[in-house]
Amino acid sequence: MKKELVQINIIEYDSIDELNEDDASLLKEARKVTQYAYAPYSNFKVGAFAKLVNGKTVSGTNQENASFPAGICAERTLLSAAASLFPGIGIETIAISYNNLNGESNKPVSPCGICRQSLFEFQQRTKNKIRILLSGMEGKVQLIENAQDLLPLVFCADDMK
Ligand code: THU
């Protein structure tokens, strides 16, 4: 028997002001696009904004549905858009923000499990590490430099070989 400790790297900034210009502009856009979320059921508007390795940018927001499971998260909306508009191109950095109309939006919130799985596969298939910036509409910002850090013990294509 052995016990293993799995650790992940998170870099935390006190606010957007500590970010470099590129990252700050991505986070600003992520905050801005939360307004395009369609979230009448949760009132939790999520915005994602990414810069691809070819320099192009793509956004995504959560789009809910009266049939709840038909809704889609902001991150997966963005990944679908990126793969459709710029096939095969990796994502350099994705900034994710949210506006909680029922409460506060001042601390970083992490992507849900399904989105972590999707981010990992996108990173793997494009062979390009995705940096992930997390923050609310204000306050602390977290940087995760590799999408795999969000999902240790990930299930992936290699497991089916
Ligand atoms: N949501 C996202 O868009 N991304 C996440 O990673 C977490 C959850 C959305 C789904 C739903 O529309 C709302 O936030 C509340 O769960």
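If you're wondering where the values come from, they're calculated on a predicted model, not measured in any experiment.

Trainee: Can you help me understand the pattern of salt bridges in this one?
Mentor: It is possible for side chains of opposite charge to pair when their charged atoms get near one another. A complete count under the given rule lists six salt bridges for this structure. A salt bridge links Glu92 to Lys51, with the shortest nitrogen-to-oxygen separation between them at 3.7 Å. With a gap of 41 residues between them, Glu92 in strand β4 (residues 91–100) and Lys51 in strand β2 (residues 44–52) connect regions that are remote in the sequence. Assessed through its relative accessible area of 23%, Lys51 is described here as partly exposed.

Trainee: How should the site of the ligand be read in this particular structure?
Mentor: Around the ligand sit Ser42, Phe44, Val46, Asn62, Glu64, Cys73, Ala74, Glu75, Pro111 and Cys112, and those are all the residues in its vicinity. Asn62 has a polar side-chain atom sitting 2.9 Å from an oxygen atom of the ligand. Glu64 is positioned such that a nitrogen or oxygen atom in its side chain is 2.5 Å from an oxygen atom of the ligand. Surface burial for the ligand is 74%, taken as the share of its 370 Å² of free accessible area covered by protein chains. Of all elements in the fold, only β2 and α2 (74–85) reach the threshold of two or more residues within the shell around the ligand. Looking at the shell around the ligand residue by residue, the class counts come to six nonpolar, two polar and two charged.

Trainee: How should I be thinking about a negative patch on the surface in this particular structure?
Mentor: The grouping of Glu12, Asp14, Asp17 and Glu18 at the surface amounts to a negative patch. Tracing the backbone through its elements, the reader meets Asp14 in the loop between β1 (11–13) and α1 (21–33). Overall, the relative accessible area of 51% leaves Asp14 in the exposed class.

Trainee: What is the right way to read the environment of Glu92 from this model?
Mentor: Glu92 gets classed as partly exposed once you look at its relative accessible area, which sits at 31%. Along the backbone, Glu92 and Thr57 are 35 residues apart, and their C-alpha atoms lie at a distance of 10.0 Å.

Trainee: For this particular structure, what's the right way to read the packing of aromatic side chains?
Mentor: Taken as a whole, this structure holds two aromatic pairs when the rule is applied. Seen from their ring centres, Tyr41 and Phe68 are 5.4 Å apart, and the 45° between their planes marks the pair as tilted. Of this pair, Tyr41 sits in the loop between α1 and β2 while Phe68 sits in the loop between β3 (57–61) and α2, placing them 27 residues apart in sequence. For the pair Phe44 and Tyr98, a centre-to-centre distance of 5.1 Å together with 15° between the ring planes defines the contact as stacked. In this pair, Phe44 is assigned in strand β2 and Tyr98 in strand β4, connecting sequence segments 54 residues apart. Its relative accessible area of 27% is what places Phe44 among the partly exposed residues.

Trainee: How should I be thinking about the packing of α2 against helix α3 (residues 113–126) in this particular structure?
Mentor: Between two packed helices, the angle of one axis relative to the other and the distance separating the axes together describe the packing. Contact geometry of α2 with α3 gives a least axis separation of 9 Å together with a crossing angle of 25°. Overall, the two elements α2 and α3 adopt an arrangement that is roughly parallel. Between α2 and α3 lies a crossing of left-handed hand. Each of Glu75, Arg76, Leu79, Ala82 and Ala83 in α2 lies in contact with α3, whose residues at this interface are Ile114, Cys115, Ser118, Leu119, Phe122 and Arg125. Grouping the amino acids of the contact of α2 with α3 by side-chain chemistry returns seven nonpolar, one polar and three charged.

Trainee: Please explain α3 as it appears in this structure.
Mentor: Under the 1.5 Å per step criterion, the end-to-end length of α3 is 20 Å for 14 residues, consistent within 8% with the ideal 20 Å. By the burial criterion, the buried members of α3 are Cys115, Leu119, Phe120, Phe122, Gln123 and Thr126. Down the axis, α3 shows its buried residues gathered within 160° of arc, on one side only. Relative to its buried face, α3 has exposed residues pointing more than 90 degrees away, namely Ile114 and Arg125. Next to the buried residues of α3 lie α2, β4 and β5 (131–135).

How each quantity is defined
- Residues numbered from 1 in each chain as written.
- Predicted model: local features only at pLDDT ≥ 70, side-chain atom pairs only at ≥ 80, totals over all residues.
- Heavy atoms only, no water.
- Salt bridge = Lys/Arg side-chain N within 4 Å of Asp/Glu carboxyl O.
- Helix = DSSP H or I, 4+ residues; strand = E, 2+ residues; numbered from the N terminus.
- Buried < 20%, exposed > 50% of the residue type's maximum accessible area, 1.4 Å probe, protein only.
- Near = heavy atom within 4 Å.
- Polar contact = N/O pair within 3.5 Å; in protein donor to acceptor, adjacent residues only side chain to side chain.
- Areas by Shrake-Rupley, 256 points an atom, 1.4 Å probe, with all protein chains shown as cover.
- Nonpolar A, V, L, I, M, F, W, Y, C, P; charged D, E, K, R; others polar.
- Patch = residues over 30% accessible without salt bridge, like charges linked within 9 Å, V, L, I, M, F, W, Y side chains within 5 Å.
- Lys, Arg positive; Asp, Glu negative; His and termini not counted.
- Charge placed at Lys NZ, Arg CZ, Asp CG, Glu CD.
- Phe/Tyr/Trp six-rings, centres within 6.5 Å; stacked < 30°, edge-to-face > 60°.
- Axes fitted to C-alpha atoms, helices over the stretch in contact; angles between N-to-C directions.
- Parallel < 35°, antiparallel > 145°, perpendicular 65-115°, else oblique.
- Left-handed = near helix turned anticlockwise from the far one by under 90°.
- Contact = heavy atoms within 4.5 Å.
- Expected span 1.5 Å × (residues − 1).
- Arc of directions from axis to C-beta.

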